[in-house]
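Here is how the chains run, residue by residue.
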Amino acid sequence: MISLFILFLSIVFSSCSKEVKEEKTSFNVLMKEQFTKDISMAIDFIDSAKTKNSDLKKTFLESRKYFKKIEPILASLDIENYGFLNQPNILKIEEEDYTDIKIKKPSGYQVLEEEIFTENIDSLVVEKHLNLVSNRLKIIKKNIRFSHLKTYHFLWLLRKSIIQVALTGTTGFDSPVLENSLEESKIVYQSLKTYINIFKDDFKDKELFNTWNDEINKSIKNLSSDFNKFNRYDFIKNNTHVQLKIWNKTVADWNVSFPFELAIKNDATSLFSENTFNHVYFAEKNLGKATDEKIALGKKLFYDTNLSAEKKLSCATCHHQDKAFTDGLKIGTGVTRNTPTLLYAGLQQAFFYDKKAGSLEGQIIAVIENENEFHTDLKTLRKVVVQDSTYTKKFQTVFKNNKISDSQIRNAIASYIRDLAPFNSKFDRNINNLENTLTQSEINGFNLFSGKAKCATCHFAPIFNGTVPPNYRETEIEWIGVPEEKDTINAIISKDLGRYYVYKTPERKHFFKTSTVRNISKTDPYMHNGVYTTLEEVMDFYNRGGGTGIGIESDYQTLPPDPLNLTINEIKDIIAFMKSLEDKILEEY
């Protein structure tokens, strides 16, 4: 009897053991294991770089390789620390108010790349940054958490990484000296392949899993190219967009729902479409979505001269539809800067050339109260609207209440402006396979814009402004050294101090927001002071190295100071590309 009981127990425990072995390890655990392995290697190599007998360049590059392997995870789970490790080598200034201004010197892999790959290495500076990077990596390794992750978190970070490769990874944005971006993008894709494999059993459609592997292999193969010869247009069109479609199929296959939308809509299948961006992400919170009725109400307000003090000005007075919502003037009457386009204005996180407003609603306040523009106030503006029975009926319909507030008025106008993002230019239609009309010159121009010319490291596709993908949390300002007059011999910088006027931070003198180049064929003259009247003049300025190239020196220039060495034909191609970004401005606007 005892032997039979022992036999029974052995069978039971053997069965339980098999069940335990067959129990699936959660994806959180597997992702953490892979991440820990890779970040440990990044730490080991960066620490090796600090030893006297090491090959500094080799060990740095090995550490950076493993940093790129963890990029898909880190860029989503720890945005702040990722930003520290991958920040450009320019001064970082945080301005909350006059009493809270933080000036931080940069560090991280980009800074080390510039310090290590130079003729005269400053060993003390390099050692300082190696220590900073090593310490930050160790903090991340110790504190990063995976236990909270849901399947939709993985899907978001997968898509985000694909978009990041397309819009910044292939442009040289984070490898400014070595231009090693394509090789590093291959590493990112290889890492994505590793993480997708963790989810192999989640695919109901096994062919979909194979499709991912095949598509990633194609991307890695296509990225095996010279930086200046790489066809970025083809890559986005035939790799990135294909992967967005596969991503959507995976969402359906896994039956995943998302709790909310980020900057990119959850069902986006293109980066260059009116259906790409979630406009609510860029709007002030708690003001509701932009319905057709609200947009129509905003349009009526936009064209209404009764809102200004003298009943002569409306928003449209300075923003003409036929000029891509600019006025065609160097400097408009009563203002101090060139009038920017309102097309795609809603896809920003800061407004005015000096970023003094944090939302479209906030910008509208400044226009209303400016004595050279509407010259009124919110209280008076509201009275004008309330006294118009047509408006009261429309506001009641749109906002579902009987009391009109100034915030509702501003939100209606802002909703109309946010709707001015058609994405129907020749370039958009071609990259979305709606037509095949782009010339080779226009395609070459996009590839130069996003590669050799380095335009896309400040004018980020697909909006081609300074709002930084893939998070779209920040709109950049730059010091490029715009001159007062067209002068390449005795150039003097523009008298306008830009961002400095907002908080009086000396390190922010002559900094201006990066505007969109979409519809640039209609928005001349160019720059904040309208100094250049042709695109050829603009390109000549950049080709020389910006302000530095024409003799205007600054410790804070964010534009690479070296000449781009673009040929006449290359400049023609870039201009041809920029002209292909001209939208069909629909009559309904």
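Residues numbered from 1 in each chain as written. Predicted model: local features only at pLDDT ≥ 70, side-chain atom pairs only at ≥ 80, totals over all residues. Heavy atoms only, no water.

**Quick word on the pairing of strand β1 (residues 92-97)**
Phase 1 of the analysis: Examined bridge by bridge, β1 and strand β2 (residues 100-104) share five bridges and lie antiparallel to one another. When the sheet's bridge partners are listed, Asp97 is paired in β2 with Asp100.
Phase 2 of the analysis: Here β1 hands over to β2 after two residues, the two strands then running antiparallel side by side. (Pairing = 2+ DSSP bridges. Helix = DSSP H or I, 4+ residues; strand = E, 2+ residues; numbered from the N terminus.)

**Here we look at the nonpolar core**
Phase 1 of the analysis: With 95 residues, the main nonpolar core has Leu301, Phe395, Phe427, Phe449, Phe464 and Met578 as its most contacted residues.
Phase 2 of the analysis: Among the elements that make up this core, the one with the highest residue count is helix α16 (residues 406-418) (six residues).
Phase 3 of the analysis: Among residues more than four places away in sequence, those in contact with Phe427 are Tyr233, Phe272, Leu438, Phe446, Phe577, Ser580 and Leu581.
Phase 4 of the analysis: Ranked by size, the runner-up nonpolar core spans 63 residues in total, among them Ala42, Leu137, Val165 and Phe199. (Core = buried A, V, L, I, M, F, W, Y, C linked by side-chain atoms within 4.5 Å. Buried < 20%, exposed > 50% of the residue type's maximum accessible area, 1.4 Å probe, protein only. Contact = heavy atoms within 4.5 Å.)

**Brief notes about a nonpolar patch on the surface**
Phase 1 of the analysis: Together, Leu61, Val177 and Leu178 give the surface a local cluster of nonpolar side chains, amounting to about 190 Å² of exposed area.
Phase 2 of the analysis: Secondary-structure assignment places Leu178 in the loop between α7 (151-169) and α8 (181-198). (Patch = residues over 30% accessible without salt bridge, like charges linked within 9 Å, V, L, I, M, F, W, Y side chains within 5 Å. Areas by Shrake-Rupley, 256 points an atom, 1.4 Å probe, with all protein chains shown as cover. Salt bridge = Lys/Arg side-chain N within 4 Å of Asp/Glu carboxyl O.)

**Topic: helix α10 (residues 232-254)**
Phase 1 of the analysis: For α10, which comprises 23 residues, the first-to-last C-alpha distance of 31 Å matches the rise-based estimate of 33 Å (1.5 Å per residue) to within 8%.
Phase 2 of the analysis: The element α10 is largely enclosed, with a buried count of 17 among its 23 residues.
Phase 3 of the analysis: A distance of 3.4 Å separates the backbone nitrogen of Tyr233 from a side-chain oxygen at the start of α10, and that oxygen is part of Asn231.
Phase 4 of the analysis: Positive backbone phi, at 55°, marks Asn255, one or two positions downstream of α10. (Expected span 1.5 Å × (residues − 1). Polar contact = N/O pair within 3.5 Å; in protein donor to acceptor, adjacent residues only side chain to side chain.)

**Section: the packing of aromatic side chains**
Phase 1 of the analysis: For the structure on display, the rule yields 44 aromatic pairs.
Phase 2 of the analysis: Here Tyr98 and Tyr503 contribute two aromatic rings whose centre-to-centre distance is 5.4 Å and whose plane-to-plane angle is 70°, an arrangement assigned as edge-to-face. Of this pair, Tyr98 sits in the loop between β1 and β2 while Tyr503 sits in helix α19 (residues 500-503); the two residues are 405 residues apart in sequence, bridging distant segments of the chain.
Phase 3 of the analysis: When the ring of Phe272 is compared with that of Phe464, the centres are 6.4 Å apart and the planes differ by 45°; the resulting orientation is tilted. Here Phe272 is found in the loop between α10 and α11 (292-302), whereas its partner Phe464 is found in the loop between α18 (440-449) and β3 (477-478), with 192 residues between them in sequence.
Phase 4 of the analysis: A relative accessible area of 0% places Phe272 in the buried class.
Phase 5 of the analysis: Classification of Phe464 by relative accessible area gives buried; the value is 0%. (Phe/Tyr/Trp six-rings, centres within 6.5 Å; stacked < 30°, edge-to-face > 60°.)

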